[in-house]
2 protein chains.
Amino acid sequence: MEDKYAGLKLGNQLCFPLYACSREIVKKYKPFLDELDLTYTQYITMMVLWERKQMNVKELGECLYLDSGTLTPLLKKLESKGWVTRKRAKEDERVLIVTLTKEGEMLRDKAVSIPEKMSCCVKLSPEEGKTLYTLLYKMLGND
Amino acid sequence: MEDKYAGLKLGNQLCFPLYACSREIVKKYKPFLDELDLTYTQYITMMVLWERKQMNVKELGECLYLDSGTLTPLLKKLESKGWVTRKRAKEDERVLIVTLTKEGEMLRDKAVSIPEKMSCCVKLSPEEGKTLYTLLYKMLGND
DNA sequence: CGCAATTACATTGCGCACAATTCTTTATGA
DNA sequence: TCATAAAGAATTGTGCGCAATGTAATTGCG
């Protein structure tokens, strides 16, 4: 006999392992990020700024899939730590420009060892990691 | 010339699409869950209880990868909505037993359509979904 | 030009997550 | 036995996430 509730089983969900996996991995970053006084969200924000040096809040939000409700307080914290500056654009006062400071740039050298340290924690082969990566971005697909 | 910071690029992280994807999908559940007055975390908690009917907090935490700091207030909310009861075990007063109520069981019939509704939102083929599922559980691997 | 609509960010409020600590109850071992 | 350790939840405090709302600046349209 068919189980009309089969679709509701936790083991039949795709979303749940995604949700659980995401949190478990972020947790593994914590000891390394603690050394730099960064949370995971602050870390990926810095990651974007290390690549671009200067961005506004909207652009940051698009990169990170986060809105101003999350970014505004987070960026204020990064500013209070001296790693970024927050300044309105002269051409358009609505826009807030976030700029990496010298200290923020220097943090990059301390962070550079984190990805290698983390790679040991991942229990997938390089090919599996690549497959996972591709599927996740496909799922995320901006359409 | 080599980029010594290549490992720090957001696009080279496996964790980031995992983190972003998880949140994006949970967001897609929201309109459906709103109709049942459930959050996503409450939903997966109910999902476990629909299968087991009765569990203690520790067991729930193991299923969901959550601790009492998250579950205690969440379960109190589910209790206040009348979907579960919370009661200490007689044999061991340390253990709190969470039991599905009749109303909680009835909610299952309303929730049963959610998985099908959600499947439309996923931009992966069934095989891709299965591959993703397998890789995520492998990554989550309880060792 | 004048004003409504839009844009960009900030604020508020709620619900997680999670580390750290506390509290109560149960198990253990000298 | 009884002190000590361990187990299971609850509590506390911090930091997201995000929907909803607010505010100020800019755009677009008649």
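Residues numbered from 1 in each chain as written. Chains lettered and ligands numbered in written order. Predicted model: local features only at pLDDT ≥ 70, side-chain atom pairs only at ≥ 80, totals over all residues. Heavy atoms only, no water.

Draft legend 1. Molecular detail of the sheet that holds strand β1 (residues 54–56) of chain A. All names here are of chain A. Judged by pairing direction, the sheet is antiparallel, and its 3 strands sit side by side in the order β1-β3-β2 without closing on themselves. Both outer strands of the open sheet, β1 and β2 (84–88), are each paired with one neighbouring strand and no more. Looking at each pair of strands side by side, their axes are set apart by 25° on average, direction ignored. Of the pairings in the sheet, the one linking β2 to strand β3 (residues 96–100) comprises 5 bridges and is antiparallel in character. What sits directly across from R88, in β3, is L96. (Pairing = 2+ DSSP bridges. Helix = DSSP H or I, 4+ residues; strand = E, 2+ residues; numbered from the N terminus. Axes fitted to C-alpha atoms, helices over the stretch in contact; angles between N-to-C directions.)

Draft legend 2. Here's a closer look at the protein's contact with DNA strand D. Neighbouring DNA strand D are 29 residues; A:T39, B:Y19, B:R23, B:T72 and B:R86 lie closest to it. Sugar and phosphate atoms form 77% of the subset of DNA strand D atoms that lie within 4 Å of the protein. Within the contact set of DNA strand D, a base nitrogen lies 2.7 Å away from a side-chain nitrogen or oxygen of B:S68. The side chain of B:R86 places a nitrogen or oxygen atom 2.7 Å from a phosphate oxygen of DNA strand D. Among the residues making up the surface near DNA strand D, the classes are represented as 6 nonpolar, 9 polar and 14 charged. (Near = heavy atom within 4 Å. Polar contact = N/O pair within 3.5 Å; in protein donor to acceptor, adjacent residues only side chain to side chain. Nonpolar A, V, L, I, M, F, W, Y, C, P; charged D, E, K, R; others polar.)

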